[in-house]
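Spelled out, the chains give:
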Amino acid sequence: MLTANWPKAVKIVEVGPRDGLQNEKTTLSTEVKAKLIELLADAGTKVVEAGAFVSPKWVPQMADTAQVLAAMDKRKGVTYPVLVPNEKGLELAIANDADEIAVFTAASNTFNQKNTNATIDESFERLAPVMERAIAHGLRVRGYVSCVASCPFEGEIDPAVVASVTRRLLDLGAYEVSLGDTIGVGTPVKIERMLDAVLAVASADELAMHFHDTYGQALANIMVGLNKGIAVIDSSVGGLGGCPYAPGAGGNVATEDVLYMLHGCGVSTGIDLAKTVDTARWISNQLGRDVASRVGRAWK
Ligand code: HMG
Ligand code: MG
């Protein structure tokens, strides 16, 4: 059977409030961002990425992350990671009572330069002390690798580089590494090649899939990872998002599209699909646009 090797349950990491909103032209109020996070948690989502302590000059949409964390009502049993690029970000995460941080680097030097002003090696020099301090402080650290399939500046990316960057993040104490097809150009065969390289140095339960859906390949690519036992999927309600430093990047795979496929294949997520669709419609309305996802449009 198609799903014979799939996990029976999948953890969804909702990245809409961060990856989604960081790239929207409309800047939403702190109250709307906080409400979005609450609605997602109320739908049963157990991990909601709440914002980013990055330079407001680089990503102005995330400048009020501290205020969002203060404004939102935290739900019991839900984790709210925040992105942290450096020591300053960690200080802000600690000062604002974040319970988990996510650090990010890439499998492309050029992309990493454009996104964080550092090569891959420089990013590790910057992140190693941040991760050590975060862990010593009791914070869990999630890692991201961008450009796992292709880079908007360098083109094809060697799966061996993705594997090596993933391993380095795990060795520094990341409990999970999320593999980002940042510009959403991967196809199932390309993703399989990349995952095989990564799975030679990491186990499936240390990995997450973070696929943008620019070319409509994300669900097909997710099936490849499910077949290999990867049970964590990053997605964004309403298919919001992109990356401000990745020209051409479309939104993340939509949470409601992922839930529809998983639930329809007998895989549980603990998340209410109808409530997620309501949230997708509500946030799209706040942004003054139509819902980007197929399920968000079709659901009755
Ligand atoms: P830099 O310019 O080299 O840093 O940027 P700097 O240390 O020289 O600082 C410049 C200014 O920013 C200073 O302010 C700092 O205080 C301030 P000034 O003195 O000029 O007024 N600053 C900060 N402010 C608040 N929080 C901080 C912080 N750090 C410095 N943490 C830096 C280097 C890493 C800071 C910058 O490049 C940056 O913030 N980059 C983040 C870009 C970003 O957020 N991109 C999107 C997230 S990644 C993504 O979307 C991909 C992902 O989804 C996976 C995938 O899809 O592949 C995760
Ligand atoms: Mg992303």
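Use the structure listed above.
Our subject in this report is the structure included herewith. This one's a predicted model, so the numbers in the text were calculated from it and none came from an experiment. (Residues numbered from 1 in each chain as written. Chains lettered and ligands numbered in written order. Predicted model: local features only at pLDDT ≥ 70, side-chain atom pairs only at ≥ 80, totals over all residues. Heavy atoms only, no water.)

## Looking at the packing of aromatic side chains
One pair of aromatic rings is described through two measures. These are the centre distance and the angle between the planes. Per the counting criterion, the structure on display carries 0 aromatic pairs. Its end group placed over the ring of Tyr-175, Arg-140 keeps NZ or CZ at 3.7 Å from the ring centre. In this arrangement the basic side chain of Arg-168 is found over the ring face of Phe-124, its NZ or CZ atom lying 4.2 Å from the centre. (Phe/Tyr/Trp six-rings, centres within 6.5 Å; stacked < 30°, edge-to-face > 60°. Lys NZ or Arg CZ within 6 Å of the ring centre and 35° of its normal.)

## Notes on the sheet that holds strand E11 (residues 232-235)
Read across the open sheet, the 9 strands follow the order E2-E1-E11-E10-E9-E6-E5-E4-E3; overall the sheet is parallel. Here the strands that pair on one side only, and so sit at the sheet edges, are strand E2 (47-48) and strand E3 (51-52). Across 2 bridges, the pairing between strand E10 (residues 207-211) and E11 is parallel. Looking across to E11, one finds that Met-209 is bridged to Ile-233. Its contacts with the sheet place helix H8 (residues 188-199) against strand E9 (176-181) and E10, and it is angled at close to 155° to E9. (Pairing = 2+ DSSP bridges. Helix = DSSP H or I, 4+ residues; strand = E, 2+ residues; numbered from the N terminus. Contact = heavy atoms within 4.5 Å. Axes fitted to C-alpha atoms, helices over the stretch in contact; angles between N-to-C directions.)

## Here we look at the site of ligand 1
The local shell around ligand 1 holds 28 residues, among which Gln-22, Lys-57, Asn-117, Ser-146 and Thr-182 are the closest. Between an oxygen atom of ligand 1 and a side-chain N or O atom of Lys-57, the distance comes to 2.5 Å. Contact with the protein chains hides 76% of the accessible area of ligand 1, taken as 1,100 Å² for the molecule alone. The site holding ligand 1 turns out to be the largest pocket. Put simply, the parts of the chain that give the shell around ligand 1 at least two residues each are helix H1 (16-20), helix H4 (87-95), helix H5 (109-116) and strand E6 (140-146). (Near = heavy atom within 4 Å. Polar contact = N/O pair within 3.5 Å; in protein donor to acceptor, adjacent residues only side chain to side chain. Areas by Shrake-Rupley, 256 points an atom, 1.4 Å probe, with all protein chains shown as cover. 1 Å grid on protein atoms, 1.4 Å probe; cavity = no way out; pocket = protein on both sides within 12 Å on 5 of 7 lines; lining within 4 Å. Sits in = over half its atoms within 2 Å of the grid points.)

## Some words on the coordination of the magnesium ion (ligand 2)
Within the protein, the magnesium ion (ligand 2) binds to Asp-19 (OD), His-210 (NE2) and His-212 (NE2); these donor distances fall in the range 2.0 to 2.3 Å. Of note, the donors binding the magnesium ion (ligand 2) are all from one chain and are spaced D-x190-H-x1-H. There is no split in this pair, since His-210 and His-212 are both buried. (Donors = N, O, S within 2.8 Å, 3.2 Å for Na, K, Ca; no water. Buried < 20%, exposed > 50% of the residue type's maximum accessible area, 1.4 Å probe, protein only.)

## Digging into the pairing of E10
Moving residue by residue along a regular strand, the side chains alternate between the two faces of the sheet. The element E10 is largely enclosed, with a buried count of 5 among its 5 residues. A two-sided burial pattern is seen for E10, the buried positions comprising Leu-207, Met-209 and Phe-211 on one face and Ala-208 and His-210 on the other. One ladder, built from 5 bridges, connects E9 with E10; its direction is parallel. Residue pairing across strands places Val-177 opposite Leu-207, the latter belonging to E10. Handedness of the crossover is the feature at issue here: the chain leaves E9, passes through H8, returns alongside E10, and the resulting connection is right-handed. (Right-handed = clockwise from strand over helix to strand, strands pointing away.)

## Some thoughts on unusual backbone geometry
With the exception of glycine, the majority of residues adopt a negative phi angle, and the majority of peptide bonds are in the trans configuration. Despite not being glycine, Asp-97 has its phi angle at roughly 65°, a positive value. Examined against the element boundaries, Asp-97 turns out to sit in the loop between H4 and strand E5 (100-106). Of the residues examined, Asp-97 reaches a relative accessible area of 61% and is grouped as exposed. Unusually for a residue other than glycine, Cys-147 sits at a positive phi of about 60°. Tracing the sequence through the fold places Cys-147 in the loop between E6 and strand E7 (150-151). The buried category is assigned to Cys-147, whose relative accessible area is 0%.

## Focus: the nonpolar core
Ile-101, Leu-179, Ile-222, Leu-226, Ile-233, Leu-262 and Ile-283 are the most contacted members of the largest nonpolar core, which has 101 residues in total. Apart from residues no more than four positions distant in its own chain, Leu-262 is found in contact with Val-10, Ile-12, Leu-226, Ile-233, Val-267 and Thr-269. (Core = buried A, V, L, I, M, F, W, Y, C linked by side-chain atoms within 4.5 Å.)

## Some thoughts on the layout of surface pockets
Any empty space left between the atoms is revealed when a probe the size of a water molecule rolls over them. Taken as a whole, the largest pocket holds about 680 Å³ of empty space. For the largest pocket, the lining is made up of 40 residues, of which Val-54, Ser-55, Val-59, Pro-85 and Phe-104 are closest to its centre. Of all the secondary structure elements, the ones that give two or more residues to the lining of the largest pocket are H1, helix H3 (65-71), H4, H5, E6 and E9. Residues belonging to the lining of the largest pocket are distributed by class as follows: 19 nonpolar, 16 polar and 5 charged. Reported here for the second largest pocket is a volume of approximately 270 Å³. Lining the second largest pocket are 16 residues; nearest its centre among them are Asp-213, Gly-216, Asp-257, Ala-292 and Ser-293. Among the elements of the structure, helix H9 (218-227) and helix H12 (294-298) are those that each provide at least two residues to the lining of the second largest pocket. Class assignment of the residues belonging to the lining of the second largest pocket gives a composition of 5 nonpolar, 7 polar and 4 charged. (Points joined across faces, edges and corners; volume = space filled by probe spheres on them. Nonpolar A, V, L, I, M, F, W, Y, C, P; charged D, E, K, R; others polar.)

## A closer look at empty space enclosed by the protein
Tallying each qualifying case throughout the model produces 1 cavity of 30 Å³ or more. In this structure, the largest cavity encloses a volume near 30 Å³. Lining the largest cavity, in full, are Pro-85, Phe-104, Thr-116, Ser-123, Arg-126 and Leu-127. The class makeup of the residues in the lining of the largest cavity is 3 nonpolar, 2 polar and 1 charged.

By themselves, these figures tell us nothing about what the structure is for.
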